[in-house]
Each structure stands twice: as structure tokens, then as C-alpha cells.
Amino acid sequence: MTPAITLQAVTPAQHGLFRALYGLYLHDLSEFTDFYPLGADGAWSPDYLPTWLAEDDPQVNPFLFWQDAQPVGLALVGARPFPHMRQDVDYRLSEFFILRHYRRSGVGRRAACALFDRLPGRWEMLQLPANTAATAFWKRVLTDYTGGQFDTLIIDGDPAQRFVSPAVAG
């Protein structure tokens, strides 16, 4: 039996865990971009986590993914009127990360679907062109999740997908 993925909004008590996972995410992302350098003090910059972890801001939604009571990843979702997204969508998947140990096991697919099911609406997401694994992952996930009903376009030079979750489209 495939273990279930639990999606949980980050609580203040989990900020330390979230920061640790986010550092691992930025480490992986640094392979594809120079945007997040690691400073001499061991901190990644720029640090947007204070904004993402602000309490009571409905525009920012940090989530943790769990499997069998173990943290397996995270997601950062902007909700309209989030300033860093087109205004004709409801949500922007800004960041998505699954720990390496759980990759290629279906955890990422199940986590993404849990996220889209939790927040039905019109979505957009971008990938870095150099991150071909992420681009291929999202194409597979969105093809399955939407039945192929998504658009791929270029936004600021990066491939982006836009789709409506089936719960809303139907």
C-alpha cells in the first residue's frame, strides 16, 4: 500500500524545521541559478522566509509535506492578490521541494496533487530552464492531474504552466 502524504500548513512551532528544509531546497536550486548565494555566515540570501512565515497573511501559504510522520518536503504558495503573480490566477506555486531520499518514488506527485486538491482554482508555476528534471516532472504531473488541460508559456524567459484544478474546471 502506498503511504499517504499529509499536507500541513506551517505552524510557528515548525519554523525551524521549515527553515532547515528550505536551506536544502536552496542548496539544490543553486545548481541552476546564482540568485541565491550562500554567504560567509552560512545563510542563503536573499532571505524571503520572514515574509513567507508571517502569521495571518492570507497571501502567503507555507506548507510541509509528511509521510509516515516524517517530513518529506515543502511548498510555498502565493494566493491572489499576491504581488508576484499574474492577477488572472488564484495561486502561484512559488517553491516546491521534496527531499532527495523520496524523489522518484511518487512522493512528489502525491504531494503536488494534495496541494492542488487543497487549494482548488487557477494556478501558475514557473521552472528554471536549466532545471530539466523539474520541467519534466511538472509536465508529467500536470498531464496526469489535469488530463493534459494546461498551458505552457514563457514568462520572463522561464517556462511556466497555467492550469485550473479539475475540481474547479468540472
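See the structure above.
Peer 1: Tell me what's going on with the pairing of strand β3 (residues 70–79), and back it up with residues and numbers.
Peer 2: Within a regular beta strand, the side chains point alternately toward one face of the sheet and then the other, so they alternate between its two faces. Within β3, 8 of the 10 residues are buried, leaving the element largely enclosed by the surrounding structure. Bridge analysis of strand β2 (residues 60–67) against β3 gives 8 bridges, and the strand direction is antiparallel. Across the sheet, Q67 pairs through a bridge with Q70, a residue of β3. Two successive antiparallel strands, β2 and β3, enclose a turn made up of 2 residues, where D68 displays a positive phi of approximately 50°. The sheet contact formed by β3 and strand β4 (residues 91–98) spans 7 bridges and is antiparallel. Directly across from A79, in β4, lies its bridge partner Y91.

Peer 1: Can you lay out the packing of aromatic side chains for me, pointing to particular residues and giving the numbers?
Peer 2: All told, the structure shown has 16 aromatic pairs when counted by the stated rule. Geometrically, the ring pair formed by F116 and W123 is edge-to-face, given 4.9 Å between the ring centres and 70° between the ring planes. Here F116 and W123 have matching classes, each one buried.

Peer 1: So what's going on with helix α1 (residues 15–29)? Which residues, and what values?
Peer 2: The terminal C-alpha atoms of α1 lie 20 Å apart, and with 15 residues this matches the ideal 21 Å at 1.5 Å per residue to within 8%. Those residues of α1 not exposed but buried are F18, L21, Y22, G23, Y25, L26, D28 and L29. Buried-residue contacts for α1 involve α2 (49–52), β2, β3 and β4.

Peer 1: Report on unusual backbone geometry, specifying residues and quantitative values.
Peer 2: Omega for the peptide link from S45 to P46 comes to -5°, which places this bond in the cis form. Checked against the element boundaries, P46 lands in the loop between α1 and α2. Residue P81 is reached from R80 by a cis peptide bond, and omega for that bond is 10°. Position of P81 relative to the elements: it lies in the loop between β3 and β4. The phi torsion at D68 lies on the positive side, around 50°, for a residue other than glycine. Looking at the element boundaries, D68 is found in the loop between β2 and β3. Here A69, not a glycine, exhibits a phi torsion of approximately 65°, which is positive. Tracing the backbone through its elements, the reader meets A69 in the loop between β2 and β3.

Peer 1: Could you give an account of the side chain of R92, with specific residues and numbers?
Peer 2: Along the chain, the position of R92 falls in strand β4. Residue R92 is classed as buried on the basis of its relative accessible area of 19%. A distance of 2.6 Å separates a polar side-chain atom of R92 from the backbone oxygen of H84. Excluding its chain neighbours within four sequence positions, the residues that come into contact with R92 are L76, V77, G78, H84, M85, W123, E124 and L126.

Analysis parameters
- Residues numbered from 1 in each chain as written.
- Predicted model: local features only at pLDDT ≥ 70, side-chain atom pairs only at ≥ 80, totals over all residues.
- Heavy atoms only, no water.
- Buried < 20%, exposed > 50% of the residue type's maximum accessible area, 1.4 Å probe, protein only.
- Helix = DSSP H or I, 4+ residues; strand = E, 2+ residues; numbered from the N terminus.
- Pairing = 2+ DSSP bridges.
- Phe/Tyr/Trp six-rings, centres within 6.5 Å; stacked < 30°, edge-to-face > 60°.
- Expected span 1.5 Å × (residues − 1).
- Contact = heavy atoms within 4.5 Å.
- Polar contact = N/O pair within 3.5 Å; in protein donor to acceptor, adjacent residues only side chain to side chain.

By themselves, these are just geometric observations and shouldn't be taken as functional.
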